[in-house]
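Inside the fold
The chain contents come next:
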Amino acid sequence: ATLWVVRRLARKAQHPTLPAMAEFKTLVARLDEAEQFLERASAPAPAASPYAPLDALDAAVSALEELTPRVGVFEKRALEKDPDKKVYGPKMAERV
């Protein structure tokens, strides 16, 4: 199941031509998925599947490692101080 999740997340990451807002929404959705994996990882392991929390943790780590570079780009743009180089308005910078 973990491999399926990682492949699914990897497919979602392969959208280099998405406009910035669409990419941002995709990143937010994928971060929400990673958060859900972390919640499952912190839940007690069911007797039938004692490694389920570790699988969920592995999926969360993989997703976060994959998202980190793009999130960094958004964060860098949001924190830009030079008015001539700013990409986002105040509302979008706040969201990021």
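Okay, so let's go over this structure. (Residues numbered from 1 in each chain as written. Predicted model: local features only at pLDDT ≥ 70, side-chain atom pairs only at ≥ 80, totals over all residues. Heavy atoms only, no water.)

Brief notes about the pattern of salt bridges
Which entries qualify depends on this criterion: Take a side-chain nitrogen of Lys or Arg and a carboxyl oxygen of Asp or Glu: if they are within 4 Å of each other, that pair is a salt bridge. Only DSSP runs of H or I covering at least 4 residues are called helices, and only runs of E covering at least 2 are called strands; the numbering of each starts at the N terminus. Relative accessibility under 20% of the residue-type maximum defines a buried residue, over 50% an exposed one, and the middle range a partly exposed one, all with a 1.4 Å probe and only protein chains included.
On inspection of all chains with the given rule, the structure shows two salt bridges. One salt bridge in this structure joins E23 and R70, with 2.6 Å as the shortest N-O distance. Taken together, the residues E23 in helix 2 (residues 20-42) and R70 in helix 3 (residues 52-78) connect sequence positions 47 residues apart. Owing to a relative accessible area of 14%, E23 belongs among the buried residues under this scheme.

Topic: the packing of aromatic side chains
The test is simple: Ring pairs are drawn from Phe, Tyr and Trp, using the six-membered ring of Trp, whenever the two centres fall within 6.5 Å, and their geometry is named by plane angle: stacked under 30 degrees, edge-to-face over 60, tilted for the rest.
Enumeration over the complete set of coordinates arrives at two aromatic pairs. Taking the centre distance of 5.7 Å and the plane angle of 45 degrees together, the rings of F24 and F74 count as tilted. Taken together, the residues F24 in helix 2 and F74 in helix 3 connect sequence positions 50 residues apart. The residues F24 and F74 share a single accessibility class, namely buried. Ring geometry for F74 and Y88: centres 6.2 Å apart, planes at 5 degrees, overall stacked. With F74 in helix 3 and Y88 in the loop between helix 3 and helix 4 (90-95), the pair connects residues that are 14 residues apart, well separated along the chain. Judged by relative accessible area, F74 falls into the buried class, the value being 2%. Residue Y88 is classed as buried on the basis of its relative accessible area, which comes to 12%. Ring pairing ties together the aromatic residues F24, F74 and Y88, which thus form one cluster.

Points about helix 3
The line we're drawing: Expected span of a helix: the number of residues minus one, times 1.5 Å.
End to end, helix 3 covers 37 Å across 27 residues, agreeing with the expected 39 Å (1.5 Å per residue, within 8%). Among all positions in helix 3, only P53, A56, A59, A60, A63, L67, F74 and A78 are buried.

Regarding the nonpolar core
Rules: Think of a nonpolar core as a cluster: buried Ala, Val, Leu, Ile, Met, Phe, Trp, Tyr and Cys residues, connected wherever their side-chain atoms sit within 4.5 Å. Contacts are residue-level and defined by heavy atoms, with any inter-residue pair within 4.5 Å sufficient.
Counting residues in each nonpolar core, the largest one holds seven residues, listed as F24, L27, L67, F74, A78, Y88 and M92. Of all the secondary structure elements, the ones that give two or more residues to this core are helix 2 and helix 3. With three residues, the top contributor of residues to this core is helix 3. Apart from the residues lying within four places of it in its own chain, the contact partners of L67 are L27, R30 and L31.

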